Amino acid sequence: MTPRLIIVSGKGGVGKTTIAHALTKSLRAEGYKAFYTSFDQSCPPEILTDGTPRFITSPEESSEIYIGLKLNSPLLAKWVMKAPFFKALFQVLPPLGHMILLGHYIKELEDNPDHYIVIDSPASGHAMSMISSLNNFKEIFKLGVLVDDINRMNSFLKKEGNTRVIISSIPTEMSVEEGLDLKKFFIKKGIENTELIINNSLNNSEVKDSKAPLAMKKLEIEKEILERYFEKEVRLIPQVFSHDTKEILKKISPSIKGILSEG
Amino acid sequence: MKGKNYKLEIFCGTGGVGKTTLATSRAKHLSAQGLKVLLITIDPSLRLKQVLNLADNSAGQVRKVNLATVEFDALLMSSQKTFDRLGIDKEKNNKILEILMRPNGGMNEIMAIIEVQSQLESNEYDSIILDTPPGKHFLDFLNASKKIDRFFDKSYIEIFKFLGKNSAPKSGGKKLFGKIVSSGIKKLLTYLEKVTGKDFVETFIDAIYVLHQNKHYFLKALTFQRFLKESNNYQWFLVSSTEQSKVKEIIEITKNATHLSKEHSVLLVNKCLDMGTLEEDDFEATPVKYFIEREKRIINFFDQSKLFRKFLKFPDIYEADPKKHVESLTNHWD
């Protein structure tokens, strides 16, 4: 079963955007109505220009829509969100906006049973804040419609087959350790379908074939790290030597397809 | 012998460029010169502990670090510990505040600024090395003081204080109530109550009240802002690698960090390949050639750009162990 919501996370510089982009395109190619989303208001230019369907909204916009639904009046919501105090509150507490935004994505999926969303999630620490905010705000609000909504979000995220988390890592010790930590975190939060993958792998890449001394040194480190941290085989996405997004996507596409077919 | 030192050295840059490792090597380098150094990381994922082998439960406490006989202090940020250290009356502890100060509660950037300012004021260190969150989150960190200032907007706080404790002076009560009605805050709270329940609104008002009573601690962030504006005693290190996307992000950060003055900034280009360790066969291999050419192009760009006071190159290191990375990088600071 193809997950409805795919969250791509990992520390900075591990290729989250490229993988989320490739996953969206791969799903589209197989006929799914998939959308790329991010928690940044700005959409990476390579995604804007190649016409990948996206679902982008800002936490502020999303909050206004949400409050409008709750108060039965979009006009009132506009007024509430304009109040300097609430504006400041959302700025001081970014996870509040992120949580509402995540709720927005989930509602979109609930309302449209044929839609699929790939989230280019913020880097690890902020991804953890976003997921933690579900329980944190539930504890803060205790009861009421907000808690009902948080419960709904939680049960969507945890329902078997709904959510898949892909944690990208590069073959360095720090990156892998952080990736494993993040994986543990998601599983602890009840999202079992979480997989760590290795991006920018030199195995099966052109570098390996070149036999250049530098490549061999790097490959040696990669091997050492993979042996130390993984008992079972881990999914590898090859490093592509190009700055052309189109070419990169084309070359990693076979390994991306593998991510979707399993898990 | 003590070299030229800055009271504060800030490391920022995009994710995955080796910011934390470079910051650690800098701390080690300065400490080896005889300076008393504190290394602070506010990165919420606390990567520093991997490099420094710090135990999981040491967040929020200053620890002695020993790296190949060089000793310095290190602190992993913990919002909760910083909040506790402020000395806010325990009785006034509030459920909402307690939850927000948790590791992933979302107050990291703001509490970090307060911590750095407290450490600067303590005057205990010759140099404080600050490792910041990656990319755009660094800008969040810089803007935290502005957010605090806005949050403590006077008129709103007065109103909350009144609503929370009903302890406004008798003569001013009427006036304040008029303000509440005209500002629409009472109405706002009625709407809030509809969505969240009365219990929450009461705890919420209490939380605002506690924050307000202790606002002088939070307003320390503004002193930090002033320090960056007026003092010449700090240095920024912008860390980049030789990847095109990282370079773009560095330029983006430089443009948006309005508190960042060019005179204080040094660009560090990390993970450079062509620093004397390549072999002849490397220059023949197509993919490696691709990297070398890209590196040349980017170094050239930085060389010509007027965005930074100066730039330094650091080598790519072929070791799995982060400690060895720190060691190799330390030598390049000379």
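Thresholds, definitions, all that
- Every residue gets a number counted from 1 within its own chain, in the order that chain's sequence is written.
- Going through the entries in the order they are written, you letter the chains from A and number the ligands from 1.
- Thresholds applied to this predicted model are a pLDDT of at least 70 for local features of residues and 80 or more for the giving and counting of side-chain atom pairs; totals over whole chains, interfaces and linings are not thresholded and use all residues.
- Side-chain measures here rest on the full set of heavy atoms in the structure, leaving out hydrogens and waters.
- Each residue gets a pLDDT score, which is the predictor's confidence in that residue and runs from 0 to 100.
- In DSSP terms, a helix is any run of H or I states spanning at least four residues, a strand is any run of E spanning at least two, and both are numbered starting from the N terminus.
- A contact between two residues is defined here by any heavy atoms of the two lying within 4.5 Å.
- Two parts lose some accessible area (1.4 Å probe) when they are put together, and adding that loss for both gives the buried area.
- Criterion for a salt bridge: a side-chain nitrogen of Lys or Arg within 4 Å of a carboxyl oxygen of Asp or Glu.
- What qualifies as a polar contact is a pair of N or O atoms within 3.5 Å, subject to a donor-acceptor requirement within protein and to the restriction that residues adjacent in sequence count only when both atoms come from side chains.
- We treat two strands as partners when DSSP finds at least two bridges between them.
- Axis geometry follows a simple rule: fit a line to the C-alpha atoms, using only the stretch in contact for helices, then measure angles between N-to-C directions, giving values from 0 to 180 degrees.
- Delimitation of the domains relies on an automatic or database domain assignment.
- Classification used: nonpolar for Ala, Val, Leu, Ile, Met, Phe, Trp, Tyr, Cys and Pro, charged for Asp, Glu, Lys and Arg, polar for all others including Gly.
- Residues belong to a common nonpolar core when they are buried Ala, Val, Leu, Ile, Met, Phe, Trp, Tyr or Cys residues joined through side-chain atoms within 4.5 Å.
- Residue exposure (1.4 Å probe, protein chains only): buried if accessible area is under 20% of the type maximum, exposed if over 50%, otherwise partly exposed.
- Working rule for helices: expected span equals 1.5 Å times residues minus one.

### Observations regarding the confidence of the model for chain A
Within chain A, residue pLDDT values average 86, and 97% of them lie at 70 or more. When mean pLDDT is taken per element in chain A, strand S4 (residues 163-169) of chain A scores highest with 95 and helix H2 (residues 45-49) of chain A scores lowest with 72.

### Quick notes on the interface of chain B and chain A
One frequently used descriptor of interface size is the decrease in accessible area upon assembly of the parts. Contacts between the two partners involve 58 residues from chain B, matched on the other side by 57 residues from chain A. Counting each side, the surface lost to burial between chain B and chain A is near 5300 Å², with a carbon and sulfur contribution of 69%. Put simply, B:Asp316 and A:Lys218 hold a salt bridge, and the shortest N to O gap is 3.0 Å. The interface formed by chain B and chain A holds 2 residue pairs in polar contact (both at pLDDT 80 or more) in total.

### Observations regarding the sheet that holds strand S6 (residues 234-240) of chain B
Residues and elements named next belong to chain B. The strand order across the open sheet formed by 8 strands is S3-S4-S2-S5-S1-S6-S7-S8, and the pairing between neighbours is mixed. Because the sheet does not close on itself, it has two edges, and the strands there are strand S3 (62-67) and strand S8 (310-315). When the angles between neighbouring strand axes are averaged without regard to direction, this sheet yields 25°. As defined by bridge partners, S6 adjoins strand S7 (residues 265-272) across 5 bridges and the pair is classed as parallel. Along S7, the bridge assignment pairs Leu238 with Leu267. Relative to the sheet, helix H15 (residues 286-304) contacts S6, S7 and S8, its axis offset from that of S7 by approximately 175°.

### Digging into the domain arrangement of chain B
Residue and element names in this part refer to chain B. Split by domain assignment, chain B resolves into domain 1 (8-150 + 219-331) and domain 2 (153-217). Tallying the contact residues gives 13 residues for domain 1 and 13 residues for domain 2. Around 1100 Å² of area is buried between domain 1 and domain 2 when both sides are counted, 67% of it from carbon and sulfur atoms. Our count for the domain 1 to domain 2 interface comes out at 0 salt bridges. For the pair domain 1 and domain 2, the number of links is 0 residue pairs in polar contact (both at pLDDT 80 or more). If you list the elements that add at least two residues to the side of domain 1 that touches domain 2, you get helix H4 (95-100) and helix H6 (136-151). With 3 residues, the single largest contributor to the side of domain 1 that touches domain 2 is H4. Looking at the side of domain 1 that touches domain 2, its residues break down into 6 nonpolar, 2 polar and 5 charged.

### Describing the sheet that holds strand S1 (residues 5-9) of chain A
Residue and element names in this part refer to chain A. A sheet is described by the order of its strands in space; here 6 strands give the open sequence S2-S3-S1-S4-S5-S6, paired in parallel fashion. Two strands in the sheet have a free side with no partner beyond their single neighbour: strand S2 (33-38) and strand S6 (236-238). When strand polarity is set aside, the average angle formed by the axes of neighbouring strands in this sheet is 25°. Bridge count for strand S5 (residues 194-201) against S6 is 2 bridges, and the pairing is parallel. The residue of S6 that forms the bridge with Ile198 is Leu236. Helix H6 (residues 94-111) rests against S1, S2 and strand S3 (115-120) of the sheet, and its axis sits at about 160° to S3.

### Some points on the nonpolar core
All names here are of chain B. Leu8, Ile40, Met111, Phe138, Phe141 and Leu228 are the most contacted members of the largest nonpolar core, which has 140 residues in total. Of the domains in this structure, domain 1 (8-150 + 219-331) and domain 2 (153-217) are the two that each give at least three residues to this core. In this structure, Leu228 is in contact with Leu8, Ile10, Leu142, Tyr234 and Trp236, ignoring residues within four places of it in sequence. In terms of nonpolar packing, the next biggest core, distinct from the first, is built from 24 residues, Val17, Val65, Val266 and Phe314 among them.

### Topic: the pattern of salt bridges
Residues and elements named next belong to chain A. Under the definition given, this model contains 17 salt bridges over all chains. Here Asp111 makes a salt bridge to Lys107, at a shortest N to O gap of 2.8 Å. Within this pair, Asp111 and its partner Lys107 are both found in helix H6, separated by 4 residues, close to a single helical turn. Using a relative accessible area of 33% as the deciding quantity, one classes Lys107 as partly exposed. By sharing partners, the salt bridges in this structure join Lys70, Glu110, Asp149 and Arg152 into a single network.

### With respect to helix H8 (residues 145-158) of chain A
Residues three or four positions apart in an α-helix share a direction because the helix packs 3.6 residues into each turn. Its 14 residues give H8(A) an end-to-end C-alpha distance of 20 Å, which sits within 8% of 20 Å, the value for a rise of 1.5 Å per residue. Buried residues of H8(A): A:Leu146, A:Val147, A:Asp149, A:Ile150, A:Met153, A:Asn154, A:Phe156 and A:Leu157, and no others.

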